[in-house]
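Per-entry structural report
What follows is each chain in one-letter form.
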Amino acid sequence: MKKLLSSKLLLATVFAAALALCMVACSGGSGTANSDAESTDTAATEEAATEETTEKGTAPAAPENPVIRVSTTTSVNDSGLLPYLQPYFEEDTGYQLEVTSAGTGAAIKKGETGDADVLLVHAKASEEEFVEAGFGVERVSFMYNYFVIVGPADDPAGVADCATAADAFAAIADSQSAFVSRGDDSGTNKKELQIWEATGINPDGQEWYINAGSGMGATLTQANERQAYTLSDKGTFLSNDASESLQILLGESDDMKNTYTMIAISPEAWPDTNIDGANAFIEWMTSDKALQLIAEYGTEEYGEPLFYILES
């Protein structure tokens, strides 16, 4: 009887031990399975996050001095080019542009007084003087368009029949047809005065010669209202309402080429200038991405680009 009881007790003990081992084994297997599943889920999540970051691109680090003061000519602004490029630049670099536009003379003056970090202008002689005086680092020319002579469709001076800009200006003076000058010391105004000088004619004080003293957009508006002639850069003219009434009568010749240049303000002249920001702006504006955007600007709306890229 005692042997039977002992055997039953031993059997119960063995059974309990086996059951405990089974539970441990099951628990361990389940834990490994759960761990593997969690690892797989984590890896999938990290992979998805990586793909999303790669697709969207990594946001640029915030610059130490994020504001870049750009002093530019009105034609770059009035044509809509710089406002078009600005969001692309800011997204790619983390910088913010603070843009002021005026005639090239006034735009360069801001560089001389330390009120700009970088210039975007189009008057070669004035630019060279600015750099030689120590205010600018170097001239970086990167795009161009053309100056054009625009006027009323009936063309009373016969500008469309002229071979050169000087011939056209002489015809306007001979016929005493109304001509509106920017008169603002801009790159366009400087070009106009060069053409008048080539004709040997001084139009100042003539009744038919109107000095607007304003930017390109306002000058075109006045010329349109008066049905007068004026000199404009092609980009601003095409993007202006005046193009619905006035016409391009002469342009796109070598002597009417209009080149745009960027100049970083020298930190030796103005130690507080944001030279890093200026260099970042120049570098981006001459990048493949920016040049492609510039080359395409205007083609959809006007059937042709408003600016062209200078060949290096």
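Residues numbered from 1 in each chain as written. Predicted model: local features only at pLDDT ≥ 70, side-chain atom pairs only at ≥ 80, totals over all residues. Heavy atoms only, no water.

On to the pattern of salt bridges, then. Applying the stated rule across the entire model yields eight salt bridges. Residue K289 pairs with D92 through a salt bridge whose shortest N-O separation is 2.8 Å. With K289 in helix α11 (residues 288–296) and D92 in helix α3 (residues 81–93), this residue pair connects regions lying 197 residues apart in the sequence. The exposure class assigned to K289 is partly exposed, which follows from its relative accessible area of 39%. On the basis of relative accessibility, which here comes to 32%, the residue D92 falls in the partly exposed class. Put simply, D184 and R182 hold a salt bridge, and the shortest N to O gap is 2.8 Å. Take D184: its relative accessible area is 19%, and that puts it in the buried class. (Salt bridge = Lys/Arg side-chain N within 4 Å of Asp/Glu carboxyl O. Helix = DSSP H or I, 4+ residues; strand = E, 2+ residues; numbered from the N terminus. Buried < 20%, exposed > 50% of the residue type's maximum accessible area, 1.4 Å probe, protein only.)

A word on α11. By the burial criterion, the buried members of α11 are A290, L291, L293 and I294. Buried residues of α11, viewed axially, fall in a sector of 160°; they line one side. On its buried side, α11 packs onto α3, β4 (136–151), α10 (275–285) and β10 (308–309). Downstream of α11 by one or two residues, G298 has phi in the positive range, about 100°. (Arc of directions from axis to C-beta. Contact = heavy atoms within 4.5 Å.)

Turning our attention to the packing of aromatic side chains. Counting across every chain of the model gives 17 aromatic pairs. Here the aromatic rings of W196 and W208 are separated by 5.9 Å at their centres, their planes lie at 50°, and the arrangement is tilted. Of this pair, W196 sits in helix α7 (residues 187–199) while W208 sits in the loop between α7 and β6 (209–211); the two residues are twelve residues apart in sequence, bridging distant segments of the chain. In this structure W196 comes out as buried when scored by relative accessible area, which is 2%. Residue W208 is classed as buried on the basis of its relative accessible area, which comes to 8%. Connected via pairs of aromatic rings, a cluster forms that spans F169, F179, W196, W208 and Y209. (Phe/Tyr/Trp six-rings, centres within 6.5 Å; stacked < 30°, edge-to-face > 60°.)

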